[in-house]
Structure formats: C-alpha cells, structure tokens
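# An overview of the molecular structure
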Amino acid sequence: QSSYLDSFLNLYGAGDGGGGPSRKQIEISLRQQNLESVVKVKLAKAEDFFEEIRKIPEASLPSWQGELYLELHRATYTTQAKIKKYNRLLEGALHDVELLAALCDENHNEEIDAVWRDTLLNQFHDILPGSSITWVYQDAEAMSQKNLEKLQDLQNKLLKKLSGQTSKSETKASTKPTGMLLLNTQSWEREEIVTLPKEAAYGTSDNKGEIIKTQVLPNGEVLTKISIAPLAMSSLIWNSKLSKPTTVTLSTKNGKAGDFQANSGVTVSNRAIENSLLRIEIAKDGTLSSIFDKQLKKEFLKGPGNQLLIWEDEPVSWPAWDVNHFYRETKPEAATLVTSEVLYQGPLAGALRQSYSIGHSKIELTISLSQDDKLLKVAAKVDWNEQKKMLRMESQSALQCKEASYEIQFGLLKRATYVNTSWDRAMFEVCGHRFVDLSEEELGMALINDCKYGHLVRDGLISLNLLRSSQDPDPVADLGEQVMAWAFYPHAEVLEKSDVLQRAHNFNSQLLSIATSQEFKSQKAFIEVDGKSVKLDTVKMAHDKKGLILRLYETFGCKSSVTLRFGQQWKAIHECDLLENVEQKLSGKTSEIQLDFSPFALRTLWLEP
C-alpha cells in the first residue's frame, strides 16, 4: 500500500507470453474477493485501474527523471547474435523499401506489413533477447532470411522503376550494364566509397559527366568516392572503350607503402594505417597502440585498443539471460595474432587483414580507412566454438568524461562512467544501439557498431560485448560463423555538435544501388530537411489513405526547429499519432513547413495530396 493509491494492478495468466488465465487462477481470484486476512481481489480490466489513477491529482503523484534500469538480464543484449543482426538488417531494409515505395508512388503496404508482422513477432521477449530454445532460432532465422530476400526483390523492382528501366528498355539495353544508379536513403548528404565492377576501371564519370578518381583492388573490383544529396539519386557511368585503367593499385608487397604520400591517399603496413587526418599505430600483438588525430593533434588511446578478450561467463542462474558482475574479477584470455597482411592501399582507401586464434575459436579482422576520413572500420568474421565464454572488444580511451552517451530508440541516454553509488555499480552492462560516445568539451570519440547492443564504459574503458556461448536453454547458442562490424570515430566538438549520429546511421545503412545502362542526372533532394538535431526517420505511403507519412524525432534532447521543403505542393499537412490517426491540421496547401520540437519529441505528419 502506498500513500497515493490503495490498490495495484496484477497481470496474470498461463506463462508470461500472453496466455489466458487458468481455471485454478480464476477460482483463487474469486475466493479472494473478500477473504479475511488476504488482499482483496477484483477481477477487472487494466483500463479500470488506470481510470482510478487518473482521478489522482497529477501534482501529488511521484515522478522520475532518467532511466529505469533493470538490474537483471543484462546478457539479453548479446545472446543469440544472429537474430539480433537479422533484426537490425530487417529494420533497415523495411525503412528503405517504404521510402522507395513512396518515391515510386506505389502502394506495397500489404507486402511490407507481412514482413513487419514477422519482424515484430521475432521481437517477442524470449526470441530477440536470446532466451528461447534451439528450434525457435532455426525458425526465426529462416523466416528472417526469407523476408530479407522478399525485401531485396521488392527493392530491386522499385529501383528499376526509379531508374526508368522497363521490360522493353531492358530488352533493348546492351547485355552488360554501363553504369550504376545509387540512392541515398538518409535525410543528409552522404559521401561514400562504393565498390564497382571491373569495367569501371577504364574510366568512370559521375552524374555531371566528369571523370572521377578510382582505385583498382587486387581482385579487379574498383573503388570510387561519390557524394549524394539527401534522399536523392545519382549515377556512375563507366567507359570500357579506354585502353587501360585510369588508376591502379599501388604495390603492397611486404607491407611497403608505395610511391605516394599519406596526405594524398591511404598507406598501410602491418604496423600502421595512415591518411591525411589519422595515424593508426598497431602493436606487435595486433592491437591498436595509437589513434592519433593529426587535425586535432590529439591521441585518443591510453592503452591497447581493439583488443579481443575471452572472459569466463558462468552466471549464477539463467545462463541465456544474465551476465554477473564478477566476470571482471577473472582473468581474460587475449587473442593471439597469427597473421597480418596488407590487402590494399591507394588514393581512396587502404585495408589490413589480421587473423587471430583465441580459445577454440578463430577470428579474422579487416581494418580499413578511407581517404580524408576519420572513420576507422573493423569488419570481423568469427568461427566461434566456445562454451560458457564471452567475447568482448575492449579499448582504453584517453578521454576523461563523467558521462557516456548511448543511442537508444529515437534518442539517447547519458550514463555515468564512474562508480559512486550502488546504482552506478549495478550498471556494469548497459544497452546501446548504433553508437556509444565519449565527449570532452571540444572533442570526443564514438564506438559505432552494426549489430551489437551490450556495452561497458568505465574510466575510459570502452567494452563491446560481441558474443556469448550460453548453453541453456539453447546448447548451441551462437556457435559457428558470426559476422559483425564496428568502427572508431574521433571527432571535433561534443557529441551534440558532431556528425556522430549521421555516421552511425550511415554505417548501418548502405547506399542502395542497381546496375543500369541509363544515365540519371538528377541530384535534387526528394525532401529537404533544414535544421539541426532533427532526423527525418521514416518516409512511407499512408496506410489507410492517400498521401505520405513522415516521422521525425529530435535526436539529442534539446529544443529545435526544422523546416521541411518538398519537391511538390501538398493539399494539406496534418499531425498524426503513431497509428496515423489525424490529430490536427498544421497547414493548408504548401510546399514547405516549419516545425518546433521539444527534447526527444517524436512527430508524425500526413501529407495529404
């Protein structure tokens, strides 16, 4: 009993998966309606309970600011890596296909909804968290793969329409494509390195008809850098009539740099990777010994970086659910470097491949850096064969920060990096989505990932939980091949003034592409977003009416204003709830609108045609 309310809501039923009440539970509830010395029970709806709460003056109710952290089940951020990666991939693919359908003005809601239903089904609290039996993951992973293939087919169909490719034009086209159409699905401009087929080595031009720089890889594929406006398309065209490639990969024999300077490209050796902005030094054991920002003249490591460690992982109970704090009291096993090989280097990018052995497992890392970029990427392939172990990537940051910022759904959380209280001590494993960031007053460093969630950030240590091998309830959890990626991103300014969020979302969202024989010159943005800290997250066809739905959110917890400019006039713009029910009319006929956002506000608009 509390001083605010003399009753509480008790949800009951068979199991914790939404099962209905059993006859025994109903009988007990009936007997306890008015039984001496026993709490009185009233069979009612949840809505009845909330109606009672609504009668209490709001000012007299207790309030809480910040996170309601559950001091339990921390392993669910990591267990069953594949279903977590499928979930991240499906959320991204659904976002892209919804946008493509809107660009093509085609309603594919029925097909897309079917995939959403499966994806949401697999977000059930014992599937996505990793606490189900083996058969569940066999079914869920097969379902997820099938849905990714469905979305890929729909994506290709819509991209063909955008590029003007029809069945007739495809028949008349040459047997080999002469270019590539690319689409930026984010609401900001992107500059990316893209991979092209071998034919592109003989001269590649951008959408303006200008020859652009390329780099030929040892396998014959071609790299080039392209800038694409927000929510816009562009094309690359190659000319196979030239007699020789426009650029070639420079020698990487024995790890030697070749005949160019770091300020004109990327140099790679077994002990260093360097471009015009960063110098990365690599220790004998393969870990990073230095991430030095030439521009800021700042060292970002105070100890080993990108170190792979296996820790004991034997929680007191619930192996798939829990990580216990005392694992940090054990001595981890460090991965042993077996081989190190320069894959390529050149004017646009360079990469180093390392292979490790650890426990009964093997790991292959590809560390890469692009020209004039600070994003140091790490792609990992793991042959995981452990039992009751946990694989973590750990780095000793040189930054002194009282708080770390973690991305969560539609916002971020700041958590202490030190231990003062029992609450701080309990948060030895916390959840983050695409990135965690440490920022001082004028600079910072983010750790970005493509499918991981479990983090520990303490006193400069940044630890990312990569894999576990719990054996109950699934004795083969995570065993076998696993693929993942992460990246280090030193940046100027604090997080809120940096482009960390954009780089993290780009890392999880590739440019969409399709081979074509037609040049596409338009670079105009479908929707322009003018304003800071507000992200246009979703563009989709309205579900039960004509027109488009836009969903936007404020990203950093501050007040902000944004102006949206459209490539056409709309009859009206309405604000909706998350279910697309219209709540109020914001504007009549217009081609742009200004919106004000409170901290972390999530707003949904309906553009009425």
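Residues numbered from 1 in each chain as written. Predicted model: local features only at pLDDT ≥ 70, side-chain atom pairs only at ≥ 80, totals over all residues. Heavy atoms only, no water.

The subject of this paragraph is the pairing of strand E2 (residues 190-196). Of the two faces of E2, the one lined by Arg190, Glu192, Val194 and Leu196 is fully buried and the one lined by Glu191, Ile193 and Thr195 carries no buried residue. The pairing of E2 with strand E6 (residues 222-228) spans seven bridges and is classified as antiparallel. Within E6, the position partnered with Val194 by the bridge is Thr224. (Buried < 20%, exposed > 50% of the residue type's maximum accessible area, 1.4 Å probe, protein only. Helix = DSSP H or I, 4+ residues; strand = E, 2+ residues; numbered from the N terminus. Pairing = 2+ DSSP bridges.)

Looking now at the sheet that holds E2. Pairing is antiparallel in the open sheet, where three strands are placed in the order E2-E6-E5. Because the sheet does not close on itself, it has two edges, and the strands there are E2 and strand E5 (214-216). Each neighbouring strand pair of the sheet contributes to a mean axis angle of 25°, computed without reference to strand direction. (Axes fitted to C-alpha atoms, helices over the stretch in contact; angles between N-to-C directions.)

Before going further, it helps to spend a moment on the nonpolar core. Counting residues in hydrophobic clusters, the biggest one holds 51 residues, and the most contacted among them are Ile273, Leu308, Leu391, Leu466, Trp486 and Phe488. If one sorts the elements of this core by residue count, strand E18 (residues 376-384) sits on top with five residues. Sequence-distant contacts of Ile273, that is, excluding residues within four places in its chain, are made with Val266, Thr267, Val268, Leu278, Arg279, Ile280, Ile282, Leu352, Ile367 and Leu369. Core analysis: the next-biggest nonpolar cluster, separate from the first, contains 43 residues, Cys104, Leu154, Ile514 and Phe597 among them. (Core = buried A, V, L, I, M, F, W, Y, C linked by side-chain atoms within 4.5 Å. Contact = heavy atoms within 4.5 Å.)

A sheet is described by the order of its strands in space; here five strands give the open sequence E4-E3-E7-E1-E28, paired in antiparallel fashion. Edge positions in the sheet fall to strand E4 (211-212) and strand E28 (512-516), since each of these pairs with one other strand and no more. Relative to E28, strand E1 (residues 179-183) is paired through five bridges, and the arrangement is antiparallel. Each bridged residue has a counterpart across the sheet, and for Leu182 the counterpart in E28 is Ser513. In the packing of helix H5 (residues 134-162) onto the sheet, contacts are made with E1, strand E7 (233-238) and E28, and the angle to E28 comes to roughly 60°.

Scanning the entire structure with this criterion turns up zero disulfides. Sulfur of Cys401: no disulfide; nearest cysteine sulfur belongs to Cys558 and is 19 Å away. Left without a disulfide partner, Cys431 is nearest to the cysteine sulfur of Cys451, which lies 13 Å away. (Disulfide = S-S within 2.5 Å.)

Within helix H8 (residues 500-507), seven of the eight residues are buried, which leaves the element mostly enclosed by the surrounding structure. Here H8 has its buried residues at Val500, Leu501, Arg503, Ala504, His505, Asn506 and Phe507.

Okay, the side chain of Ser405 next. The topology assignment puts Ser405 in strand E20 (residues 403-408). In terms of polar contacts, Ser405 uses its side chain to reach the side chain of Lys414, at 2.9 Å. Not counting chain neighbours up to four residues away, the residues in contact with Ser405 comprise Leu412, Leu413, Lys414, Phe435, Val436, Asp437 and Leu495. (Polar contact = N/O pair within 3.5 Å; in protein donor to acceptor, adjacent residues only side chain to side chain.)

This part is about the packing of aromatic side chains. For the structure on display, the rule yields four aromatic pairs. Judged by centre distance (5.5 Å) and plane angle (70°), the rings of Phe49 and Phe50 are edge-to-face. On the accessibility criterion, Phe50 (39% relative accessible area) is partly exposed. Ring geometry for Trp311 versus Tyr327: centroids 5.4 Å apart, planes at 90°, classification edge-to-face. One end of the pair, Trp311, is in strand E13 (residues 307-312); the other, Tyr327, is in the loop between E13 and strand E14 (333-334), and 16 residues separate them in sequence. When sorted by exposure, Trp311 lands in the same class as Tyr327, which is buried. The lysine or arginine in question, Arg415, covers the ring of Tyr406, its NZ or CZ lying 4.6 Å from the ring centre. Its end group placed over the ring of Trp606, Lys545 keeps NZ or CZ at 5.3 Å from the ring centre. (Phe/Tyr/Trp six-rings, centres within 6.5 Å; stacked < 30°, edge-to-face > 60°. Lys NZ or Arg CZ within 6 Å of the ring centre and 35° of its normal.)

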